[in-house]
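Here is what each chain is made of, one letter per residue.
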Amino acid sequence: MLQQKFDQYFYSINTEQYDWIRNPFATNAINSTEALPLQIREEFTDLDNDMTLKLYFSQVPLDVFWIYVKKEYPHISYKAILTLLPFSTTYLCEQSFSTLVLIKNDKRSCLKDLDQELRVALCQILSRI
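We now turn to the structure provided with this report. Here the structure is a predicted model, which means the values were calculated and not measured. (Residues numbered from 1 in each chain as written. Predicted model: local features only at pLDDT ≥ 70, side-chain atom pairs only at ≥ 80, totals over all residues. Heavy atoms only, no water.)

Looking at the overall build of the protein
- From N to C terminus, the protein includes seven helices and zero strands.
- Secondary structure of the protein in N-to-C order comes out as α-α-α-α-α-α-α.
- Within the protein, the proportion of its 129 residues that are buried is 20%.
- Contacts in the protein between residues at least 24 apart in sequence constitute 40% of all its contacts with a sequence separation of at least 6.
- When the accessible surface of the protein is totalled, it reaches about 10,300 Å², and 59% of it is carbon and sulfur. (Helix = DSSP H or I, 4+ residues; strand = E, 2+ residues; numbered from the N terminus. Buried < 20%, exposed > 50% of the residue type's maximum accessible area, 1.4 Å probe, protein only. Contact = heavy atoms within 4.5 Å. Areas by Shrake-Rupley, 256 points an atom, 1.4 Å probe, with all protein chains shown as cover.)

Encoded structure:
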């Protein structure tokens, strides 16, 4: 029963079909686009042959690359961003929950307005208090 619940929440996916997102300039990336629509495959072929984007890909993080590519290749970039987006949002939710657990412990359980404390704890801007 535990295995069934584990499979329900953490289903396995074929990661080879997303090779074109992780490294669009790899030799096996073109094979992983076969299940995609024709318009996206055509954009991918153009992107794969663009040497300036290949150089840019080696210099920036993956998410920055796909956002930059959105201007020139909107369909393939949109598909890649939709695939990458759940990972970052899940991480932010988990980080928020962990912060909430740290803030609202047994000694501080009487706190009612947690939104200001969470905002300060999760904010990327350093506070000058």
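And the narrative resumes.
Digging into helix α5 (residues 62-69)
- Those residues of α5 not exposed but buried are F65, W66 and V69. Each buried residue of α5 sits inside an arc of 90° when the element is viewed along its axis, so together they form one side.
- Looking at the buried residues of α5, the elements they touch are α2 (19-22), α3 (38-48), α4 (51-59) and α6 (74-103). (Arc of directions from axis to C-beta.)

Focus: the environment of K104
- With respect to the secondary-structure elements, K104 resides in the loop between α6 and α7 (115-122).
- When its relative accessible area of 37% is taken as the criterion, K104 is described as partly exposed.
- Residues K104 and L114, spaced 10 residues apart in sequence, show a C-alpha to C-alpha distance of 8.4 Å.

Points about the packing of α3 against α6
- It is at 8 Å that the axes of α3 and α6 come closest, and there the two elements cross at 100°. Viewed along their axes, α3 and α6 adopt a mutual orientation that is roughly perpendicular. Facing Q39, I40, E43, F44 and L47 of α3, the residues of α6 in contact are P74, H75, I76 and K79. (Axes fitted to C-alpha atoms, helices over the stretch in contact; angles between N-to-C directions. Parallel < 35°, antiparallel > 145°, perpendicular 65-115°, else oblique.)

Let's talk about the packing of aromatic side chains
- Enumeration according to the criterion identifies seven aromatic pairs in this entry.
- Taken together, a centroid distance of 5.9 Å and an interplanar angle of 85° make the contact between W20 and W66 edge-to-face. Placement of W20 in helix α2 and of W66 in helix α5 is noted, with a sequence separation of 46 residues between them. Of the two residues, W20 and W66, neither departs from the other in class, the shared state being buried. (Phe/Tyr/Trp six-rings, centres within 6.5 Å; stacked < 30°, edge-to-face > 60°.)

Some remarks on the pattern of salt bridges
- Tallied over the entire structure, the rule returns one salt bridge.
- A salt bridge links D19 to R22; the shortest N-O distance between them is 2.1 Å. In this pair, D19 and R22 are both assigned in helix α2, three residues apart and thus about one turn of the helix distant. (Salt bridge = Lys/Arg side-chain N within 4 Å of Asp/Glu carboxyl O.)

A short note on the packing of α4 against α5
- The geometry of α4 relative to α5 is characterised by a closest axis approach of 8 Å and an angle of 150° between their N-to-C directions. On the basis of their axis angle, the class for α4 and α5 is roughly antiparallel. Note that α4 runs across α5; the crossing there is right-handed. Along the contact surface, α4 presents L53, Y56 and F57, while α5 presents L62, V64, F65, Y68 and V69.
- Looking at the contact of α4 with α5, its residues break down into eight nonpolar, no polar and no charged. (Left-handed = near helix turned anticlockwise from the far one by under 90°. Nonpolar A, V, L, I, M, F, W, Y, C, P; charged D, E, K, R; others polar.)

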